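So the chains spell out like this:
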Amino acid sequence: MKTQLQNAVARTRNIAKSVSGKAALIGAGTLAGTTAAMASETGSAASAAFTELQTQASDMASQAWPIVTAVVGSLLAIGLFKKFANKAT
């Protein structure tokens, strides 16, 4: 493992000696730095998006509860009515 690391360092030194190699290393470094910066900004945007989604979901749930209780109450009332109607006849 140590020789592989030494070989990689030696190859990087040889690449850095040429002009095109220097340009490639600078480009790779810039790309890595830009990617890291974008990743941190995306995290905050994603966090804000999920917060907004959670707010919308809780608003929809609070609007749906009256409908759900009305439907369940109606079904229970129909069931009880049928039960007593069958016993009465």
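Per-chain numbering applies: the sequence of each chain, read as written, is numbered from 1 onward. A pLDDT threshold of at least 70 governs which residues receive local features in this predicted model, and a stricter bar of 80 or more applies before side-chain atom pairs are shown or counted, although totals over entire chains, interfaces and linings include all residues. For side-chain calculations, the full set of non-hydrogen atoms in the structure is used, while hydrogens and water are omitted.

Novice: I tried to follow the overall build of the chain on my own but got confused; where do I start?
Specialist: A run of H or I in DSSP becomes a helix once it reaches four residues, and a run of E becomes a strand once it reaches two; helices and strands are each numbered from the N terminus. Broken down by element type, the chain carries two helices and zero strands. Buried, partly exposed and exposed residues are distinguished by accessible area as a fraction of the type maximum, computed with a 1.4 Å probe on protein chains only: under 20%, between the cut-offs, and over 50%, respectively. The buried share among the 89 residues of the chain stands at 1%. For the chain, the exposed surface amounts to about 7,600 Å²; the carbon and sulfur share of it is 70%. The Shrake-Rupley method, run with a 1.4 Å probe, gives the accessible areas here. Residue values count only the displayed protein chains as cover.

Novice: Help me out: how do you make sense of a nonpolar patch on the surface in this one?
Specialist: Taken together, the side chains of Trp 65, Val 68, Val 72 and Leu 76 make up a nonpolar region of the molecular surface, amounting to roughly 410 Å² of accessible area. With respect to the secondary-structure elements, Trp 65 resides in helix α2 (residues 19-88). Judged by relative accessible area, Trp 65 falls into the exposed class, the value being 57%. Patch membership requires more than 30% relative accessible area and the absence of a salt bridge. Residues of like charge join within 9 Å; the nonpolar side chains Val, Leu, Ile, Met, Phe, Trp and Tyr join within 5 Å. In what follows, salt bridge is the name for a side-chain nitrogen of Lys or Arg lying within 4 Å of a carboxyl oxygen of Asp or Glu.

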